[in-house]
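Structural overview for review
Chain residues, written in single-letter form:
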Amino acid sequence: MPKAGISMYWLFLIIILIIVLIFLFLFARKTRDKLETRKVIQLSLKQKKNSVNKQTCSFCRKKAKRLYFYSSESGQVLGVCDQCKPQAERRALMRI
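Every value quoted in this text rests on a predicted model; they were computed, and no experiment measured them. (Residues numbered from 1 in each chain as written. Predicted model: local features only at pLDDT ≥ 70, side-chain atom pairs only at ≥ 80, totals over all residues. Heavy atoms only, no water.)

**Overview of the overall build of the protein chain**
Applicable threshold: The numbering of helices and of strands both runs from the N terminus, where a helix is a DSSP run of H or I of at least 4 residues and a strand a run of E of at least 2. Note on exposure labels: buried denotes an accessible area under 20% of the residue type's maximum, exposed denotes more than 50%, and partly exposed covers the range between, all computed with a 1.4 Å probe on protein chains only. Should any heavy atoms of two residues lie within 4.5 Å, those residues are counted as being in contact. Accessible areas in this description were obtained via Shrake-Rupley with a 1.4 Å probe; residue shielding takes into account the shown protein chains only.
For the protein chain, the count of helices and strands is three helices and five strands. Secondary structure elements in the protein chain, listed N-terminal to C-terminal, are α-α-β-β-β-β-α-β. By the burial criterion, 15% of the 96 residues in the protein chain qualify as buried. Sequence separation of 24 or more characterises 23% of the internal contacts of the protein chain that already satisfy a separation of 6 or more. Total accessible area on the protein chain is roughly 8800 Å²; 63% of this is exposed by carbon and sulfur atoms.

Have a look at this one:
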């Protein structure tokens, strides 16, 4: 009878150890998932407020809210600001 009691004791310890290992694995997985979600950054928070909807002019490289688009001699699309618009018209670029 004492041998049966000892084997039941070890069996009980093994079952408890397996349950503890499962809980540790689940806890580690949960914390890893939380760390992964912290790496996500909202782009709306990182955008600069003053450069919203501004594009660069193809000639002067300044940012402008409104661009006029022209097709160059080689077929490339050029975005031109208000100040560079006369230069594009002098070059007889086709307006898109």
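**Notes on the environment of Phe59**
Position of Phe59 relative to the elements: it lies in the loop between strand S1 (55–56) and strand S2 (63–64). For Phe59, a relative accessible area of 22% gives the class partly exposed. Non-local contacts of Phe59, meaning those with residues more than four positions away in its chain, are made with Leu78, Val80, Cys84, Gln87, Ala88, Arg91 and Leu93.

**Examining the nonpolar core**
Among soluble globular proteins, nonpolar side chains are generally buried collectively. Test applied: To form a nonpolar core, buried Ala, Val, Leu, Ile, Met, Phe, Trp, Tyr and Cys residues must be joined to one another through side-chain atoms within 4.5 Å.
In this structure, Cys57, Ala64, Leu67, Tyr68, Tyr70, Leu78, Val80, Cys81, Cys84, Ala88 and Leu93 together form the largest nonpolar core, which totals 11 residues. Put simply, the parts of the chain that give this core at least two residues each are strand S3 (68–71) and strand S4 (77–80). If we skip the residues at most four places from it in the chain, Cys84 touches Cys57, Phe59 and Cys60.

**Side note on the packing of aromatic side chains**
Two descriptors summarise a pair of aromatic rings, namely the distance from one centre to the other and the angle between the planes of the rings. Note the following rule: Centres within 6.5 Å are what make two rings of Phe, Tyr or Trp a pair, Trp counting through its six-membered ring; a difference in plane orientation under 30 degrees is then read as stacked, over 60 as edge-to-face, and the rest as tilted. Here, a charge over a ring is recorded when the distance from Lys NZ or Arg CZ to the ring centre is within 6 Å and its angle to the ring normal is within 35 degrees.
Under the criterion given, the structure shown has one aromatic pair. Positioned over the ring face of Tyr68 is Lys85, at 4.2 Å from the centre of the ring.

**Remarks on the pairing of S4**
Rules: Pairing between two strands requires that DSSP report at least two bridges joining them.
Across four bridges, the pairing between S3 and S4 is antiparallel. Paired with Ser71 across the two strands is Val77, which belongs to S4. In this structure, the hairpin formed by S3 and S4 is closed by a connection of five residues, where Gly75 is found at a positive phi of approximately 90 degrees.

**Brief notes about a nonpolar patch on the surface**
The line we're drawing: Surface patches are defined over residues having more than 30% relative accessible area and no salt bridge, joining like charges when they lie within 9 Å and nonpolar side chains (Val, Leu, Ile, Met, Phe, Trp, Tyr) when within 5 Å. Between Lys or Arg on one side and Asp or Glu on the other, a salt bridge is scored when a side-chain nitrogen of the former is within 4 Å of a carboxyl oxygen of the latter.
Taken together, Met8, Leu11, Ile14, Ile15, Ile18, Ile19, Ile22, Phe23, Phe25 and Leu26 make up a surface patch of nonpolar side chains, about 990 Å² in accessible area. Mapping Ile15 onto the fold places it in helix H1 (residues 2–38). Judged by relative accessible area, Ile15 falls into the partly exposed class, the value being 42%.

**Re the pattern of salt bridges**
In the structure shown here, the tally under the stated rule is one salt bridge. Glu73 is the salt-bridge partner of Arg91, the closest N and O atoms lying 3.1 Å from each other. Placement of Arg91 in the loop between helix H3 (85–90) and strand S5 (94–95) and of Glu73 in the loop between S3 and S4 is noted, with a sequence separation of 18 residues between them. Residue classification places Glu73 among the exposed residues on the basis of a relative accessible area of 60%.

Note that every value here comes from positions in space, so none of it alone points to a role or purpose.
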